[in-house]
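Observations on the three-dimensional arrangement
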Amino acid sequence: MQQLETRGELVRIEVELDPDEEPQRLIYALPSVIEWMDDVLPGLETDGYIPGANRPIEQAEAQFYSFVSGKTTFEMPPHPMRPEEHGVWVLRTHDLRFFGFFWRKSVFITTSADTKARCKTNGTYGDHCRRAADVRNRLDLDPPKFVSGRAVKDVL
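The following refers to the structure shown. Since the structure is predicted, the reported quantities are computational estimates derived from the model, not experimental observations.

1. Observations regarding the overall build of the protein chain
Scanning the protein chain from terminus to terminus reveals 6 helices and 6 strands. The N-to-C order of helical and strand elements in the protein chain reads α-β-β-α-α-β-β-β-β-α-α-α. Compactness check: the protein chain gives a C-alpha radius of gyration of 15 Å against a globular reference of 15 Å for 156 residues, within 12% of the reference. Once the C-alpha set of the protein chain is aligned to its principal axes, its extents read approximately 45 × 40 × 30 Å. The proportion of buried residues among the 156 residues of the protein chain is 45%. The contacts of the protein chain with a sequence gap of at least 6 include a subset with a gap of at least 24, amounting to 56%.

2. Section: the sheet that holds strand S1 (residues 11-12)
Strand order in the open sheet formed by 6 strands is S1-S2-S6-S5-S4-S3, with mixed pairing between adjacent strands. The sheet terminates laterally at S1 and strand S3 (81-83), the two strands that pair on one side only. Its contacts with the sheet put helix H2 (residues 31-39) on S1, strand S2 (26-29), strand S5 (96-104) and strand S6 (107-115), and the angle it makes with S6 is roughly 45°. Across the sheet, helix H5 (residues 125-138) lies against S3, strand S4 (88-92), S5 and S6, angled at about 150° from S6, the strand it touches most.

3. Here's the deal with the side chain of Ser 66
Topologically, Ser 66 is positioned in helix H3 (residues 56-69). For Ser 66, a relative accessible area of 18% gives the class buried. If near-sequence neighbours (up to four positions away) are discounted, Ser 66 is found in contact with Arg 25, Lys 71 and Thr 72.

Cut-off values and rules
- Residues numbered from 1 in each chain as written.
- Predicted model: local features only at pLDDT ≥ 70, side-chain atom pairs only at ≥ 80, totals over all residues.
- Heavy atoms only, no water.
- Helix = DSSP H or I, 4+ residues; strand = E, 2+ residues; numbered from the N terminus.
- Rg over C-alpha atoms; globule rule 2.2 N^0.38 Å.
- Buried < 20%, exposed > 50% of the residue type's maximum accessible area, 1.4 Å probe, protein only.
- Contact = heavy atoms within 4.5 Å.
- Pairing = 2+ DSSP bridges.
- Axes fitted to C-alpha atoms, helices over the stretch in contact; angles between N-to-C directions.

Right, dumping it as structure tokens:
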């Protein structure tokens with residue numbers, strides 16, 4: 001993992017924790033996801049489906065904080081994390097989808113991100129899932145390349 005970071009193939013998503021908190025989980029992203037978060041995410045607005053929902057950038061920050069701090073159990077609806085086929089998982093907010101996989105328990109690598117609305121309108125949800133599996137297979141990761149299982153307890 002450290003070599004992939006050094007080569008710039010993965011970037012650790014840093015989350016500001018309270019002074020008495022330690023990271024319980026880690027999130028890494030492809031540089032293209034970081035670029036999307038820097039360039040696209042700040043300009044997005046909620047689709048309004050959930051009344052009073054925060055802006056997508058705030059949703060992402062809250063999701064990452066909950067994930068890294070270990071404060072969200074991901075067991076109760078609405079499910080902010082969902083398994084797909086072939087070891088692909090999606091971290092979800094009201095308006096956003098972060099596609100990726102768990103390399104090790106509690107270590108999520110996000111390979112692409114998009115809005116819920118765009119995934120529905122353009123039919124790109126499956127494309128993002130396939131991309132996650134393709135990227136995972138190409139990354140120079142120590143085997144096994146991902147944690148298998150479709151239950152939250154399998155990956156966290």
